[in-house]
Amino acid sequence: MKCHYCDREAAYAAGKDGIRVGLCERHFRERVEELADSEELAALREQIDIDRTE
């Protein structure tokens, strides 16, 4: 499988409803960094109280 963004071989793949998308190492890291800085992830952390240590 090829990366969704370039012609490199995909190192990671995800699928849903029969559709699979692959990402090379570089593009996977870029997407994870974007997610880590996103407001959506911050809101999700607040919803599930991810920092709780019970």
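What counts and how
- Residues numbered from 1 in each chain as written.
- Predicted model: local features only at pLDDT ≥ 70, side-chain atom pairs only at ≥ 80, totals over all residues.
- Heavy atoms only, no water.
- Phe/Tyr/Trp six-rings, centres within 6.5 Å; stacked < 30°, edge-to-face > 60°.
- Helix = DSSP H or I, 4+ residues; strand = E, 2+ residues; numbered from the N terminus.
- Lys NZ or Arg CZ within 6 Å of the ring centre and 35° of its normal.
- Pairing = 2+ DSSP bridges.
- Salt bridge = Lys/Arg side-chain N within 4 Å of Asp/Glu carboxyl O.
- Buried < 20%, exposed > 50% of the residue type's maximum accessible area, 1.4 Å probe, protein only.

Chemist: Can you explain the packing of aromatic side chains? Please cite residues and give values.
Modeler: Enumeration according to the criterion identifies one aromatic pair in this entry. With 4.0 Å between their ring centres and 20° between their planes, tyrosine 12 and phenylalanine 28 make a pair best called stacked. Highlighted residues: tyrosine 12 in strand 1 (residues 12-16) and phenylalanine 28 in helix 1 (residues 25-36), separated in sequence by 16 residues. Over the ring of tyrosine 5 we find arginine 31, and its NZ or CZ is 4.7 Å from the ring centre.

Chemist: Break down the pairing of strand 1 for me, with residues and values.
Modeler: By the bridge criterion, five bridges tie strand 1 to strand 2 (residues 19-23) in an arrangement that is antiparallel. By the bridge assignment, tyrosine 12 is partnered in strand 2 with leucine 23. Between strand 1 and the antiparallel strand that follows it, strand 2, lie two residues; aspartate 17 among them carries a positive phi value of about 55°.

Chemist: Requested: an account of the pattern of salt bridges, with residues and values cited.
Modeler: A full pass over the atoms with the stated rule returns five salt bridges. Measuring nitrogen to oxygen at the nearest pair gives 2.9 Å for the salt bridge that ties glutamate 25 to arginine 29. With a gap of four residues between them, glutamate 25 and arginine 29 both fall in helix 1, about one helical turn apart. Residue classification places arginine 29 among the exposed positions, given a relative accessible area of 51%. Look at the salt bridges and you will find they share partners, linking Arg26, Glu30, Arg31 and Glu34 into a network.

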